[in-house]
Amino acid sequence: MIKKYGLWGAFYLFFCLIRTRLLFSKARLIRFPIDIRGKRHISIGAAFTTGVNCRLEALPLKSGQGQILIIGENVQLNDQVHITACHNVTIGNNVLMASKVYISDVSHGSYVGDQPSSPHDPPADRQLVASPVFIEDNVWLGDGVCVLPGVTIGFGSIIGANAVVNRSIPPLSIAVGIPARVVKQFNEATKVWDKVS
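**Student:** Which parts of the structure should I look at to understand a nonpolar patch on the surface?
**Tutor:** Nonpolar side chains collect at one region of the surface, where F14, I18, L22 and L23 lie side by side and expose about 440 Å² of accessible area between them. Tracing the backbone shows I18 in helix 1 (residues 2-23). Accessibility expressed as a relative area gives 41% for I18, which makes it partly exposed.

Now the structure itself:
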């Protein structure tokens with residue numbers, strides 16, 4: 001451990017491990033600091049791991065809501081991941097997120113339909129509008145990925161670094177870009193990733 005992380009790094013990991021056992025008994029390792037807001041509205045599965053400076057927020061739009069941020073088992077978030085739930089964000093099992101991933105089920109205002117929010121209103125004063133986000137099992141989100149409200153990312157999919165996911169991605173897909181688009185899909189028969197034209 002000292003060879004890999006150095007003396008200070010090994011001490012820091014040991015400190016985090018002890019603190020994890022005391023505060024998050026089911027987690028594998030929480031690297032502190034971590035910012036958790038609305039803890040009673042968050043469910044975290046076993047073997048949860050984080051990098052430093054992660055921020056988890058569960059801030060229900062309606063009173064009486066139960067858990068609105070649900071994280072499955074064996075989920076790993078790397079440094080500076082920010083997840084905001086106001087309606088429902090569900091993350092499946094065995095999900096891996098690189099650093100600086102942002103996931104939100106809410107936006108300040110509505111920008112579709114016949115009664116959109118006005119640009120004359122300050123953004124912080126616009127009505128919050130939420131739509132659920134579902135990230136299914138075995139998904140890998142690359143560095144800097146942004147997942148917007150109303151999106152489902154299907155089982156086993158990979159989202160490339162810095163992609164902005166503004167619409168649902170089917171299972172067994174690789175998606176990249178802004179906005180994210182599917183460029184490959186896993187072929188179950190041949191066991192290879194086929195390009196999508």
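**Student:** Looking at this structure, how should I read the side chain of D105?
**Tutor:** Considering the arrangement of structural elements, one finds D105 in the loop between strand 11 (102-104) and strand 12 (106-108). We note that D105 is buried and unpaired, the nearest opposite charge coming from K62 at a distance of 11 Å. One polar contact links the side chain of D105 to the main-chain amide nitrogen of N88, over a distance of 2.7 Å. Excluding its chain neighbours within four sequence positions, the residues that come into contact with D105 are T84, A85, C86, H87, N88, V89, V129, A130, S131, P132, V133 and P149.

**Student:** Help me out: how do you make sense of the side chain of S104 in this one?
**Tutor:** Here S104 shows up in strand 11. A polar atom in the side chain of S104 sits 3.5 Å from the side chain of Y102. A distance of 3.0 Å separates a polar side-chain atom of S104 from the backbone oxygen of V106. Among residues more than four places away in sequence, those in contact with S104 are T84, V133, V147, L148 and P149.

**Student:** For this particular structure, what's the right way to read the sheet that holds strand 7 (residues 76-77)?
**Tutor:** By way of backbone hydrogen bonds, the strands of a sheet pair with one another, either parallel or antiparallel. As summarised here, the arrangement of the nine strands in space is 1-4-7-10-15-18-20-21-22, forming an open sheet in which the pairing is mixed. Each of the sheet's edge strands pairs with one partner strand only, and the pair in question is strand 1 (29-30) and strand 22 (192-195). As judged from the two bridges shared by strand 10 (residues 96-97) and strand 15 (residues 140-141), these two strands associate in the parallel manner. If you follow M97 over to strand 15, its bridge partner there is L141.

**Student:** When you look at the sheet that holds strand 9 (residues 89-91) in this model, what are you seeing that I'm missing?
**Tutor:** Read across the open sheet, the five strands follow the order 3-6-9-14-17; overall the sheet is parallel. One side of each edge strand has no neighbouring strand; the edge strands of this open sheet are strand 3 (42-44) and strand 17 (152-153). As judged from the two bridges shared by strand 14 (residues 133-135) and strand 17, these two strands associate in the parallel manner. Bridging from a neighbouring strand, I135 pairs with I153 of strand 17.

Reading the values: rules and limits
Residues numbered from 1 in each chain as written. Predicted model: local features only at pLDDT ≥ 70, side-chain atom pairs only at ≥ 80, totals over all residues. Heavy atoms only, no water. Patch = residues over 30% accessible without salt bridge, like charges linked within 9 Å, V, L, I, M, F, W, Y side chains within 5 Å. Areas by Shrake-Rupley, 256 points an atom, 1.4 Å probe, with all protein chains shown as cover. Salt bridge = Lys/Arg side-chain N within 4 Å of Asp/Glu carboxyl O. Helix = DSSP H or I, 4+ residues; strand = E, 2+ residues; numbered from the N terminus. Buried < 20%, exposed > 50% of the residue type's maximum accessible area, 1.4 Å probe, protein only. Lys, Arg positive; Asp, Glu negative; His and termini not counted. Polar contact = N/O pair within 3.5 Å; in protein donor to acceptor, adjacent residues only side chain to side chain. Contact = heavy atoms within 4.5 Å. Pairing = 2+ DSSP bridges.

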